[in-house]
Amino acid sequence: MTGATPQSLRTTAIGAAGSRPCTLVVCRGCCCGNPRKHPGTDHTWQLERLRAGADASGGRFVVRTTDCLGPCDQANVLVVQPSGTGRRAGGRATWIGFAMDDDCLDEVLRWAEVGGPGIAEPPVALEPQFISPPRGARSGRRR
């Protein structure tokens, strides 16, 4: 990178993060997405539904998966991360546990579609499912 200064590199990284859409991070590790642990839930269909919603959103939100988010006793877990615009407006990642039914997915999809954290208020119906992230939480490998 000829001519690139540390300041210009930092500005580029911030600019890229600033245009990032709302992101749904879906846990699919040892417990989340496990049909043996939650046999009454079609985990594959759930993920397909979230991805179809992202595809239909025209880029307003994206879906990522990770191996493990940590709070396995609250599976299925997903995190709604704000877009760059949402973060600048004060939005922070919102952790949702026990995300296994259609009503929950409907609410998550609607919220992401209208902008997610920092842009739109979270659906009241989801509030009982909000969970605290584990201490030092970081997403695992993305797929």
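Rules used in this analysis
Residues numbered from 1 in each chain as written. Predicted model: local features only at pLDDT ≥ 70, side-chain atom pairs only at ≥ 80, totals over all residues. Heavy atoms only, no water. Pairing = 2+ DSSP bridges. Helix = DSSP H or I, 4+ residues; strand = E, 2+ residues; numbered from the N terminus. Right-handed = clockwise from strand over helix to strand, strands pointing away. pLDDT = per-residue confidence, 0-100. Contact = heavy atoms within 4.5 Å. Buried < 20%, exposed > 50% of the residue type's maximum accessible area, 1.4 Å probe, protein only. Polar contact = N/O pair within 3.5 Å; in protein donor to acceptor, adjacent residues only side chain to side chain.

The protein chain has the name (2Fe-2S) ferredoxin domain-containing protein in an unreviewed UniProt entry, where Streptomyces sp. R41 is given as its organism.

### Observations regarding the pairing of strand β2 (residues 61–66)
Sheet topology note: the strand β1 (residues 22–27)/β2 ladder contains 6 bridges and is parallel. Residue pairing for β2: Cys 27 is matched across the bridge by Thr 66. At this point the chain moves from β1, through helix α2 (residues 43–56), to the parallel β2, and the crossover so formed is right-handed.

### What about the confidence of the model for the protein chain?
Confidence in the prediction for the protein chain averages 85 pLDDT; 82% of positions are at 70 or higher. Mean pLDDT values over the elements of the protein chain span from 50, in helix α1 (residues 6–18), up to 97, in strand β4 (residues 94–96). Under a pLDDT of 50 for its full length, residues 5–13 has, in the predicted model, 2 contacts with residues more than four places off or in other chains.

### Digging into the side chain of Asn 34
As for its position among the elements, Asn 34 is in the loop between β1 and α2. The exposure class of Asn 34 is buried, given its relative accessible area of 16%. At 2.8 Å, the side chain of Asn 34 and the backbone nitrogen of Arg 36 are in polar contact.

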